[in-house]
Amino acid sequence: RSSYLHENGLRRSLQRSSAIFLSQISDFQQWLLSGMVNPNVKEAQLGQALTIAPRTMIVRINAVTRFLNFCVTHNTESLAQIGPSLIAKYQEAMLWQLECKECHKRIPLESQRSIERCSNGECGGINSYIRIRRLTRGSLVTAISHLRTFFDWAELRGLVTSNPLTTIVCGGSKAFTIRNERGEMVEIARAIRRYDDSVVEKHCAYIVAPDTDPEEALVLYFIIFHLLTNWELRNLRIPSPAKDDPHVPLTSSHARQFEYLELPLRQLLRGRRSVIREESKIMFPRKALVWLRPILERYYEKRATIVKVAHQQHFLVGEGNARCHKPVTKLYVADIMRRASLKVLGGVVTASGLRTTAADIFMQHSDRRGAILTMMGYSALAATRFNYLERFSLQTNKTP
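Scope of this entry: the structure provided in the associated data block. If you're wondering where the values come from, they're calculated on a predicted model, not measured in any experiment. (Residues numbered from 1 in each chain as written. Predicted model: local features only at pLDDT ≥ 70, side-chain atom pairs only at ≥ 80, totals over all residues. Heavy atoms only, no water.)

**Focus on the overall build of the protein chain**
Secondary structure summary: the protein chain contains 15 helices and nine strands in total. Considering the protein chain as a whole, with its 400 residues, one finds that 40% of them fall into the buried category. A sequence separation of at least 24 residues applies to 59% of the contacts in the protein chain between residues at least 6 apart. (Helix = DSSP H or I, 4+ residues; strand = E, 2+ residues; numbered from the N terminus. Buried < 20%, exposed > 50% of the residue type's maximum accessible area, 1.4 Å probe, protein only. Contact = heavy atoms within 4.5 Å.)

Rendered as structure tokens:
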């Protein structure tokens, strides 16, 4: 089903593209599917050609399609006509939009002409439009990087003499954007965004509470103590006796369920060319089994009532994957985190923010500083950032 959805996504991207650049986008898509191979390099020198993730491919095609459709509206009929001035207009259109001060209706930025009257017939405001932020600068940097890859391909094919985005620099790419108390978008310098230590303490107390839902408790446990991401939580698997020895009794397999869980290593892709986690087993500490084993027993009893097939080995199981061997969705894990945080704090915290907070606590209490995080799923560069970046305090989301 995943491959089917990705194929439909690529087909819809081609359907949305203009007829003028349809052939170029189609050829660029085939180049991405073939592993982005440089035609000027011999096959003997290439080695293993890594592909990009299907979701990344769809995002890249959509970014190119939006840009070329924008160029068509500005009377551009070939790639050779695209220059820095047109790219600057596109950047401005992506970063900014117009909002009426009276009715707060938003329209795309039109720098070519001034709009005197609000387009909303019920409003009728005169000179009421103000320019506000549309996208964050980080989103713009991502889109420009996709366009730079497209024009690199076009230069290899001889469609353009040079890449027009080589000299384009998007400043402030390491900053992030927040909304202040007045509702305005403000850029903050690069920092470690974390919650207060009390947020982690309250969630830890919720894990060991006797009336806690076992699924929520285990998701919080893996996020805080093992720093697992959303993908890793969804792909956790119960040890299977068939992998070791089919003659091993089931009682031995049942015992291993309380010792460790299996986590398959992620596939190498062009954007992810190194494996961060080298150990495929998530071990349960022996000292923690005193309070962790009762939670696991309650969860396995709950899981047994949901699973409908014997070949379902994923640890997290819901109604959507109870009859097939596939992981739960991203929203399933996010919903578990949302329910747990509402019970603990009365507000919502994100799994990524809680993971970053726990990682920062580990770093502060370790003699190795950020190096301790390299053993828990962080890359060396991401772990080093915890040593010198400032901290930005996050607040819980009170929106119901």
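Back to the write-up after that little detour.
**A few points about the side chain of N321**
Structurally, N321 is set in the loop between α12 (289-306) and α13 (330-345). A distance of 2.7 Å separates a polar atom in the side chain of N321 from the backbone nitrogen of G318. Side-chain polar atoms of N321 contact the backbone oxygen of K326, separated by 2.9 Å. In this structure, N321 is in contact with Q312, L316, K326, P327 and V328, ignoring residues within four places of it in sequence. (Polar contact = N/O pair within 3.5 Å; in protein donor to acceptor, adjacent residues only side chain to side chain.)

**Quick look at the packing of aromatic side chains**
For the coordinates displayed, the defined rule picks out 20 aromatic pairs. Ring geometry for Y299 versus F315: centroids 4.8 Å apart, planes at 40°, classification tilted. One end of the pair, Y299, is in helix α12; the other, F315, is in the loop between α12 and α13, with 16 residues separating them in the sequence. The burial state of Y299 is the same as that of F315; both residues are buried. Through successive ring pairs, a cluster of aromatic residues spans Y221, F222, F225, F258, F284, W291, Y299, Y300 and F315. (Phe/Tyr/Trp six-rings, centres within 6.5 Å; stacked < 30°, edge-to-face > 60°.)

**Examining unusual backbone geometry**
Its identity is not glycine, yet M36 carries a phi of approximately 55°, on the positive side. Tracing the backbone through its elements, the reader meets M36 in the loop between α2 (22-33) and α3 (43-46). One non-glycine residue with positive phi stands out, namely R369, at about 55°. With respect to the element layout, R369 can be found in the loop between α14 (351-364) and α15 (380-388).

**A short note on the nonpolar core**
F222, L233, L236 and F315 are the most contacted members of the largest nonpolar core, which has 50 residues in total. Elements represented by at least two residues in this core include exactly α7 (197-207), α8 (214-225), α12, α13, α14 and α15. Per element, the largest residue contribution to this core is eight residues, and it comes from α8. When neighbours within four sequence positions are excluded, L236 is seen to be in contact with F222, L228, L261, E262, L263, I282, Q313, H314 and F315. (Core = buried A, V, L, I, M, F, W, Y, C linked by side-chain atoms within 4.5 Å.)

**Notes on the state of the cysteines**
Disulfide: a covalent bond formed between the sulfur atoms of two cysteine residues. As enumerated under the stated definition, the model contains zero disulfides in all. Cysteine C100 shares no disulfide, and the gap to the nearest cysteine sulfur, in C118, comes to 3.7 Å. Residue C100 is classed as buried on the basis of its relative accessible area, which comes to 1%. (Disulfide = S-S within 2.5 Å.)

**Let's talk about the environment of R298**
Looking at the element boundaries, R298 is found in helix α12. It is 6.2 Å that separates the C-alpha atoms of R298 and P214, two residues lying 84 residues apart in sequence. Those residues in contact with R298 that sit more than four places away from it in its chain are A209, P210, T212 and P214.

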